[in-house]
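Below, each chain spelled out in residue letters.
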Amino acid sequence: MIQANDPARPSIRVSCIQFAPQIGAVEANRARASDLVRAAATEGSRLIVLPELASTGYVFESREEAASLAEPVPEGPTTRAWAALAAELGVHIVAGIAEKAGDTLYNAAVIVGPEGYIGTYRKAHLWDQENVFFAKGDLGFPVFDTALGKVGVAICYDGWFPETFRQLALGGAEIVCIPTNWVPMPDQPEGEAAMANTLHRAAAHSNGIYIACADRVGIERGQPFEGQSLIIGPKGWPLAGPASRDRTETVSALVDLDEAGRKDLNNFNSLLRDRRTDIYG
């Protein structure tokens, strides 16, 4: 394994896949996502991010419907299929999934790699009707030490909380992968860019990390989604995207994860060192 502090570590190509999962069509969604992952891998991508709840769709009509579509992790068929795909292609995949753990449901994401299942993240901050279907995540904000580098994961509304990214940065994350299903925000002006773009650019800048956001598109049971997937560098500037609001697209960028370890802004200021933990309370 290449360690995160290895000076010889090469740059890697990261891709965020934006598409429109269909509610309830797990096998079809899995097949569509797999085709798009294969295409990204053919172009050289080694870390590939899929949207939130990529296998199930998002707008459930009832908890019973959500439960019927959720799967155990990692032994469920979707996680197994993504792990097999990652092994076949020699890539890492981060993908949103509805997880069933006993009688409890989580809005979760799995990370898999060439050697199989790596870990799970469970969404900490639930949005709107998600509170009806899912329990709040109970795994904290883990950072996964992979062959590519140190990878954090967050999901959609988690990005509205600065603590999400600060916790991940303090945990050593170099890149945070965001499976997401962004929706228009209240009072959003016509044609205005997604608020999430601003929030995630600010988070990348203030923590000195890469952030890779894979949103979905389409309208599901009357709910429109924002698209505009993007990859952001540790200075807060977009490296790829934002993608369109309404088309299936893959945005990709070459990233040097060692850049995420360089937190200095100038000779005097360093993002994490300058924290005034003595007065924050």
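This one's a predicted model, so the numbers in the text were calculated from it and none came from an experiment.

1. Some details on the state of the cysteines
(1) Moving on: Tallying each qualifying case throughout the model produces zero disulfides.
(2) Moving on: Cysteine Cys 177 is unpaired, with the sulfur of Cys 16 as its nearest cysteine sulfur at 7.0 Å.
(3) Moving on: Distance from the sulfur of Cys 213, which forms no disulfide, to the nearest cysteine sulfur (Cys 16) is 6.6 Å.

2. As for the sheet that holds strand β9 (residues 210-214)
(1) Moving on: Read from one edge to the other, the open sheet built from six strands follows the order β6-β7-β8-β9-β12-β13, with strand pairing classed as mixed. Each end of this open sheet is capped by a strand with a single partner; those strands are β6 (143-145) and β13 (238-240). Neighbouring strand axes in the sheet, compared pairwise and without regard to direction, differ in orientation by 25 degrees on average.
(2) Moving on: Judged from the three bridges that link them, β6 and strand β7 (residues 150-153) form a sheet pairing that is antiparallel. Residue Asp 145 lies in a different strand from β7, and its bridge partner there is Lys 150.
(3) Moving on: Contacts between helix α5 (residues 162-170) and the sheet are confined to β6, β7, β8 (175-179) and β9, with β8 contributing the most and set at about 140 degrees to the helix.

3. Things to note about the pattern of salt bridges
(1) Moving on: Enumeration over the complete set of coordinates arrives at 15 salt bridges.
(2) Moving on: Between Arg 122 and Asp 138 there is a salt bridge, and its shortest N-O distance comes to 2.8 Å. Within this pair, whereas Arg 122 is found in strand β5 (residues 116-122), its partner Asp 138 is found in the loop between α4 (130-133) and β6, the two being separated by 16 residues in sequence.
(3) Moving on: A relative accessible area of 48% places Asp 138 in the partly exposed class.
(4) Moving on: Note that Asp 246 is salt-bridged to Arg 247, the shortest N-O span being 4.0 Å.
(5) Moving on: Given a relative accessible area of 56%, Asp 246 falls into the exposed group.
(6) Moving on: Connected via shared salt-bridge partners are Glu 52, Lys 123 and Glu 130.

The rules behind the values
- Residues numbered from 1 in each chain as written.
- Predicted model: local features only at pLDDT ≥ 70, side-chain atom pairs only at ≥ 80, totals over all residues.
- Heavy atoms only, no water.
- Disulfide = S-S within 2.5 Å.
- Pairing = 2+ DSSP bridges.
- Helix = DSSP H or I, 4+ residues; strand = E, 2+ residues; numbered from the N terminus.
- Axes fitted to C-alpha atoms, helices over the stretch in contact; angles between N-to-C directions.
- Contact = heavy atoms within 4.5 Å.
- Salt bridge = Lys/Arg side-chain N within 4 Å of Asp/Glu carboxyl O.
- Buried < 20%, exposed > 50% of the residue type's maximum accessible area, 1.4 Å probe, protein only.

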